[in-house]
Amino acid sequence: MEELVGGRCPLCGCELEGSEDSCEGFEELLDHSDLTWLVYQYFLFRKFEAMGASPLQTLNLISKCDDPSAMGPSYPEGTPYSIEIPLTFRDRILPRRCSRCRRIFLRGGRKLVTGDLGHTTQDISYICPSC
């Protein structure tokens, strides 16, 4: 009773009148798979944010994983991704090989991280400014 907010349950908003059965609608409001999907999206967002990816790229990747038929989210196995991240200081000073034209370049370019959400491996490739 001490945790009530305005006489209502803070989880589902039901009024509690001394009976614990009045808060039974909470299970219908929040499915356990929805909660797991939210946690997965959060950790996926944090992972790509730590790598330096822009939030828009990360949100586009997460939206590709959603099921358009409104039956809930699809599972991320077999979902390839390619995200552009900024070059680190080490990347800027070392020569890099372009993954498209195979030339070695020193200045400029882009760094791409590609992989699959169903697997833990990631490939890092560089693209020269002329490609």
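Below, the structure is looked at part by part. (Residues numbered from 1 in each chain as written. Predicted model: local features only at pLDDT ≥ 70, side-chain atom pairs only at ≥ 80, totals over all residues. Heavy atoms only, no water.)

**Side note on the overall build of the protein**
Helix and strand content of the protein: four helices and five strands. Along its sequence from the N terminus, the protein presents helices and strands in the succession α-α-α-β-α-β-β-β-β. Contacts in the protein between residues far apart in sequence, at least 24 positions, make up 47% of those at least 6 positions apart. Summed over its atoms, the accessible surface of the protein is roughly 9600 Å², and 56% of this surface lies on carbon and sulfur atoms. (Helix = DSSP H or I, 4+ residues; strand = E, 2+ residues; numbered from the N terminus. Contact = heavy atoms within 4.5 Å. Areas by Shrake-Rupley, 256 points an atom, 1.4 Å probe, with all protein chains shown as cover.)

**Some remarks on unusual backbone geometry**
The phi dihedral of Arg-102 falls on the positive side, at around 65°, and the residue is not glycine. One can find Arg-102 in the loop between β2 (96-97) and β3 (104-105).

**Concerning helix α3 (residues 55-65)**
Among all positions in α3, only Thr-58, Leu-61, Ile-62 and Cys-65 are buried. Mapping the buried residues of α3 onto a view down its axis gives an arc of 95°, with all of them on the same face. Structural note: α3 exposes Leu-56 and Lys-64 on the side pointing more than 90 degrees away from its buried face. (Buried < 20%, exposed > 50% of the residue type's maximum accessible area, 1.4 Å probe, protein only. Arc of directions from axis to C-beta.)

**Quick word on the nonpolar core**
Judged by nonpolar contacts, Trp-37, Leu-44, Phe-48, Ala-53, Leu-61, Ile-62, Cys-65, Tyr-81, Ile-83, Ile-85, Val-113 and Leu-117 together constitute the single largest core of 12 residues. Sequence-distant contacts of Phe-48, defined by excluding residues within four places in its chain, comprise Ala-53, Thr-58, Leu-61, Tyr-81 and Ile-83. By size, the runner-up hydrophobic cluster in this structure holds seven residues, among which are Leu-87, Cys-98, Leu-112 and Cys-128. (Core = buried A, V, L, I, M, F, W, Y, C linked by side-chain atoms within 4.5 Å.)

**Some remarks on the environment of Ser-125**
Among the structural elements, Ser-125 can be located in strand β5 (residues 122-127). Looking at Ser-125, the relative accessible area reads 18%, which means it is buried. With 29 residues separating them along the chain, Ser-125 and Arg-96 place their C-alpha atoms 9.0 Å apart. Once residues lying within four places of it in the same chain are set aside, the contact partners of Ser-125 are Ser-99, Arg-110, Lys-111 and Leu-112.

**Quick notes on the sheet that holds β5**
Read from one edge to the other, the open sheet built from three strands follows the order β1-β4-β5, with strand pairing classed as antiparallel. Each end of this open sheet is capped by a strand with a single partner; those strands are β1 (80-85) and β5. When strand polarity is set aside, the average angle formed by the axes of neighbouring strands in this sheet is 25°. Bridging between strand β4 (residues 110-116) and β5 involves six bridges; their strand directions are antiparallel. Each bridged residue has a counterpart across the sheet, and for Thr-114 the counterpart in β5 is Asp-123. (Pairing = 2+ DSSP bridges. Axes fitted to C-alpha atoms, helices over the stretch in contact; angles between N-to-C directions.)

**Some words on the packing of aromatic side chains**
Going through the model one piece at a time under the given rule, you end up with three aromatic pairs. Taking the centre distance of 5.1 Å and the plane angle of 70° together, the rings of Phe-48 and Tyr-81 count as edge-to-face. Linking Phe-48 in helix α2 (residues 32-51) with Tyr-81 in strand β1, this pair joins segments that are 33 residues apart in sequence. You'll find Phe-48 and Tyr-81 in the same group, each marked buried. (Phe/Tyr/Trp six-rings, centres within 6.5 Å; stacked < 30°, edge-to-face > 60°.)

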